[in-house]
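Chain and residue survey
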Amino acid sequence: LKLMIEECAELIQAVIHMERGRCSTGKVMEEAADVVIVIRQLVKEYEEVDFNRFVNEKVNRLALRVDTDNPNLRTNTAPDSEATFEGWVPPRDSQ
């Protein structure tokens, strides 16, 4: 969890620097990639918790709030399904 804290802090710092014109979007994306990696590690470590269900529920709720037709914000799955949200984690049977 310490690594998660560190990577999230680095992402926050990069976003703040980008807002101030002191770093590139590439640096922000690099730090975001690090955060995604540690999230994947966390999900794998605690695989008994259905991470995909939480992501799907929250993305679907967000899509309803913003009332958008953007397909990238919708998972089109029921909250109890085993579907994954685009690239976050592989389905459970392939872990």
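In this text, all values refer to a predicted model and were calculated from it rather than measured experimentally. (Residues numbered from 1 in each chain as written. Predicted model: local features only at pLDDT ≥ 70, side-chain atom pairs only at ≥ 80, totals over all residues. Heavy atoms only, no water.)

1. Describing the overall build of the protein
Helix and strand counts for the protein stand at three helices and zero strands. Written out in order from the N terminus, the α and β elements of the protein read α-α-α. With 95 residues in all, the protein has 23% of them scored as buried. For the protein, restricting intrachain contacts to residue pairs at least 6 apart in sequence, the fraction spanning at least 24 positions comes to 52%. When the accessible surface of the protein is summed, it comes to about 6,900 Å², and 56% of that surface belongs to carbon and sulfur atoms. (Helix = DSSP H or I, 4+ residues; strand = E, 2+ residues; numbered from the N terminus. Buried < 20%, exposed > 50% of the residue type's maximum accessible area, 1.4 Å probe, protein only. Contact = heavy atoms within 4.5 Å. Areas by Shrake-Rupley, 256 points an atom, 1.4 Å probe, with all protein chains shown as cover.)

2. What to know about the packing of aromatic side chains
Each aromatic ring pair is described using two quantities: the centre-to-centre distance and the angle formed by the ring planes. Applying the stated rule across the entire model yields zero aromatic pairs. Sitting over the ring of F54, R53 keeps its end group 4.6 Å from the ring centre. (Phe/Tyr/Trp six-rings, centres within 6.5 Å; stacked < 30°, edge-to-face > 60°. Lys NZ or Arg CZ within 6 Å of the ring centre and 35° of its normal.)

3. A look at a nonpolar patch on the surface
Together, Y46, V49 and F54 line one region of the surface with nonpolar side chains, adding up to about 250 Å² of accessible area. Along the chain, Y46 turns up in the loop between α2 (25–45) and α3 (51–66). Its relative accessible area of 37% is what places Y46 among the partly exposed residues. (Patch = residues over 30% accessible without salt bridge, like charges linked within 9 Å, V, L, I, M, F, W, Y side chains within 5 Å. Salt bridge = Lys/Arg side-chain N within 4 Å of Asp/Glu carboxyl O.)

4. Re α2
An ideal rise of 1.5 Å per residue puts 30 Å on 21 residues; α2 measures up with 30 Å between its terminal C-alpha atoms. Looking only at α2, the buried set comprises V28, E31, V35, V38, I39 and V43. The buried residues of α2 occupy an angular sector of 145° when the element is viewed end-on, so they sit on one face. Residues of α2 that are exposed and angled more than 90 degrees away from the buried face: M29 and K44. (Expected span 1.5 Å × (residues − 1). Arc of directions from axis to C-beta.)

5. Let's talk about the packing of helix α1 (residues 2–19) against α2
One way to put it is that α1 packs onto α2 with a least axis distance of 9 Å and a crossing angle of 160°. With respect to each other, α1 and α2 are oriented roughly antiparallel. Where α1 crosses over α2, the handedness of that crossing is left-handed. Where α1 abuts α2, its residues L3, M4, E7, C8, E10, L11, A14, V15 and M18 lie against T25, K27, V28, E31, A32, D34, V35, V38, I39, Q41 and L42. Its residues placed into classes, the contact of α1 with α2 shows 13 nonpolar, two polar and five charged. (Axes fitted to C-alpha atoms, helices over the stretch in contact; angles between N-to-C directions. Parallel < 35°, antiparallel > 145°, perpendicular 65-115°, else oblique. Left-handed = near helix turned anticlockwise from the far one by under 90°. Nonpolar A, V, L, I, M, F, W, Y, C, P; charged D, E, K, R; others polar.)

6. Section: the pattern of salt bridges
Scanning all chains against the criterion turns up two salt bridges. E57 is paired through a salt bridge with R53; the nearest N and O atoms lie 3.0 Å apart. Taken together, the residues E57 and R53, both in helix α3 and four residues apart, mark about one turn of the helix.

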